[in-house]
Amino acid sequence: KRELLAFVEFTKKDYEANWHHRLLCEYLQAFIEGQIKKLMVWMPPQYGKSELTSRRLPSYLLGHDPNLKIAICSYSADLASSFNRDVKRIIQGETYPLVFPNTRLSEKNVKSSAKGAYLNNSDIFEVVGYEGSLKSVGVGGPLSGFRADILLIDDPVKDEVEGDSLTDQEKKWGWYMKVARARLHKDSK
């Protein structure tokens, strides 16, 4: 409950932390504790960045504060939704309630807001009994009406061709400035 890395190892029994995972967890812990407000993580593909930052970190944060509103964005809505599903699997797993018993999700797949129902689908889920939620969206997609306490952007660029395109870079920067950044407030991270 007190350290992200210990949480990761407890909730993912087969996890083997290497030196770079420990280093990343030190920075993420400083981020969690407010010593770092904005953090960019640059690691090669397949080095465990997404496991720690886009799967384990959101579930850990919602355990500590079930009122947090988290947005996860990626180059495609499908990839962002896969992070959403992975975070849900962690929260609904066997070990998570042993650490954070108050953070739980609706057992039903709920697509729209019905009276008294908590949303739980691949685009957004809400924490039962609290204000917290996790919304996933592709870069370029809508975040209208969503206030983000935490904004995570994981793999905003699909590949080298897209990354080298000035048109694509301008489009993504425009989305960040006009859509994503507009969802942040003075205490957002």
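Definitions and cut-offs
Residues numbered from 1 in each chain as written. Predicted model: local features only at pLDDT ≥ 70, side-chain atom pairs only at ≥ 80, totals over all residues. Heavy atoms only, no water. Salt bridge = Lys/Arg side-chain N within 4 Å of Asp/Glu carboxyl O. Buried < 20%, exposed > 50% of the residue type's maximum accessible area, 1.4 Å probe, protein only. Helix = DSSP H or I, 4+ residues; strand = E, 2+ residues; numbered from the N terminus. Expected span 1.5 Å × (residues − 1). Contact = heavy atoms within 4.5 Å.

### Brief notes about the pattern of salt bridges
Reasoning step 1: In total, this model carries 10 salt bridges according to the counting rule given.
Reasoning step 2: Notably, a salt bridge pairs D187 with K186, separated by 3.4 Å at the nearest N-O pair.
Reasoning step 3: In this structure K186 comes out as exposed when scored by relative accessible area, which is 67%.
Reasoning step 4: Through salt bridges with shared partners, a single network forms among E51, R55, R56, D86 and R89.

### Focus: helix α2 (residues 19-32)
Reasoning step 1: For α2, which comprises 14 residues, the first-to-last C-alpha distance of 20 Å matches the rise-based estimate of 20 Å (1.5 Å per residue) to within 8%.
Reasoning step 2: Of all the residues in α2, the buried ones are H20, H21, L24, C25, L28, Q29, A30, F31 and I32.
Reasoning step 3: Elements that come into contact with the buried residues of α2 comprise α1 (4-11), α3 (49-64) and β4 (150-153).
Reasoning step 4: Following α2 by one or two positions, G34 adopts a phi angle in the positive range, close to 85 degrees.

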